[in-house]
Amino acid sequence: MASGVQVADEVCCIFYDVKVRKCSTPEEIKKRKKAVIFCLSADKKCIIVEEGKEILVGDVGVTITDPLKHFVGMLPEKDCLYALYDASFETKESRKEELMFFLWAPELAPLKSKMIYASSKDAIKKKFQGIKHECQANGPEDLNRACIAEKLGGSLIVAFEGCPV
């Protein structure tokens, strides 16, 4: 079901910047986004970047010790949103980084909000070409390391964001 919601150009630019890992200087790498949250505009007609709701790669290990915990803490208890998360994980063979797309629809969110976010999800997903992992989360329990590891590869994942699963 399409909702007619548009996706702001800034959302597409941020996705491209997160997805494409160019050879960068250490300063540019620090400014790259680890996680970013998107929401609907006040008139519910456009998906936009939620101001101030991001984690920069340079903050991890400096002001943010656990990026997953910080990310979950940024999610509202009573409203829906979309999020892009640059997941770092390890398998028995290698270290990997892959993008995850989240639809956050907590139990306490109004039904109307859940409906419009669910029906608008395809609009943002069409702009986010190449996302390997998609997850709908209805509460913090859906975003623990074990749940995310299951989405990324199940028993093959031995660590997520530097912590054992």
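A quick note: this is a predicted structure, and the numbers were derived from the prediction, not measured.

1. Some details on the state of the cysteines
Here's step 1: The tally for this structure, following the rule as stated, stands at 0 disulfides.
Here's step 2: In this structure Cys-13 is not part of a disulfide, and its nearest cysteine sulfur, from Cys-12, lies 6.9 Å away.
Here's step 3: Look at Cys-13 and you get partly exposed, because its relative accessible area is 47%.
Here's step 4: With no disulfide of its own, Cys-135 lies 7.8 Å from the sulfur of Cys-147, the closest cysteine sulfur.
Here's step 5: Residue classification places Cys-135 among the buried residues on the basis of a relative accessible area of 5%.

2. Regarding the pairing of strand β3 (residues 46-56)
Here's step 1: As judged from the 2 bridges shared by strand β1 (residues 6-7) and β3, these two strands associate in the parallel manner. Each residue of the ladder has a partner; that of Val-7, found in β3, is Ile-47.
Here's step 2: Where strand β2 (residues 33-40) and β3 come together, 6 bridges link them in antiparallel fashion. Bridge assignment links Leu-40 to a residue of β3, and that residue is Ile-47.

3. Considering the nonpolar core
Here's step 1: By size, the foremost hydrophobic cluster in this structure holds 50 residues, and its most contacted members are Phe-38, Phe-71, Tyr-85, Phe-102 and Ile-124.
Here's step 2: A per-element tally of this core places strand β4 (residues 81-91) first, with 7 residues.
Here's step 3: Contact partners of Phe-38, with chain neighbours within four places excluded, come to Val-11, Ile-14, Ile-47, Ile-48, Val-49, Glu-50, Leu-81, Tyr-82, Ala-83, Leu-84, Ile-124 and Phe-128.

4. Quick notes on the layout of surface pockets
Remark: the empty space left among the atoms is shown by a probe the size of a water molecule rolled over them.
Here's step 1: Here the largest pocket defines a volume of roughly 430 Å³.
Here's step 2: Forming the walls of the largest pocket are 21 residues, and the residues nearest its centre are Ile-29, Arg-32, Lys-33, Val-57 and Asp-86.
Here's step 3: Along the lines of polarity and charge, the residues of the lining of the largest pocket split into 7 nonpolar, 3 polar and 11 charged.

5. Quick look at helix α4 (residues 111-127)
Here's step 1: The first and last C-alpha atoms of α4 sit 25 Å apart over 17 residues, in line with the 24 Å expected at 1.5 Å per residue.
Here's step 2: At Ser-120, α4 shows its strongest bend, of approximately 35 degrees.
Here's step 3: Inspection of α4 places Ser-113, Tyr-117, Ser-119, Ser-120, Lys-121 and Ile-124 among the buried residues, and these make up the whole buried set.

6. Here we look at the pairing of strand β6 (residues 133-137)
Here's step 1: Because side chains alternate across β6, one face comprises the buried residues His-133, Cys-135 and Ala-137, and the other comprises Glu-134 and Gln-136, none of which is buried.
Here's step 2: Of the pairings in the sheet, the one linking strand β5 (residues 95-104) to β6 comprises 5 bridges and is parallel in character. Within the sheet, the bridge partner assigned to Phe-102 lies in β6 and is Cys-135.

7. Thoughts on the confidence of the model for the protein
Here's step 1: The pLDDT averaged across the protein works out to 90; a share of 97% of its residues lies at or above 70.
Here's step 2: Across the protein, β1 holds the top mean pLDDT of 96, while helix α2 (residues 26-31) sits lowest at 80.

About the criteria used
- Residues numbered from 1 in each chain as written.
- Predicted model: local features only at pLDDT ≥ 70, side-chain atom pairs only at ≥ 80, totals over all residues.
- Heavy atoms only, no water.
- Disulfide = S-S within 2.5 Å.
- Buried < 20%, exposed > 50% of the residue type's maximum accessible area, 1.4 Å probe, protein only.
- Pairing = 2+ DSSP bridges.
- Helix = DSSP H or I, 4+ residues; strand = E, 2+ residues; numbered from the N terminus.
- Core = buried A, V, L, I, M, F, W, Y, C linked by side-chain atoms within 4.5 Å.
- Contact = heavy atoms within 4.5 Å.
- 1 Å grid on protein atoms, 1.4 Å probe; cavity = no way out; pocket = protein on both sides within 12 Å on 5 of 7 lines; lining within 4 Å.
- Points joined across faces, edges and corners; volume = space filled by probe spheres on them.
- Nonpolar A, V, L, I, M, F, W, Y, C, P; charged D, E, K, R; others polar.
- Expected span 1.5 Å × (residues − 1).
- Bend = angle between axes of the 7 residues up to and from the residue.
- pLDDT = per-residue confidence, 0-100.

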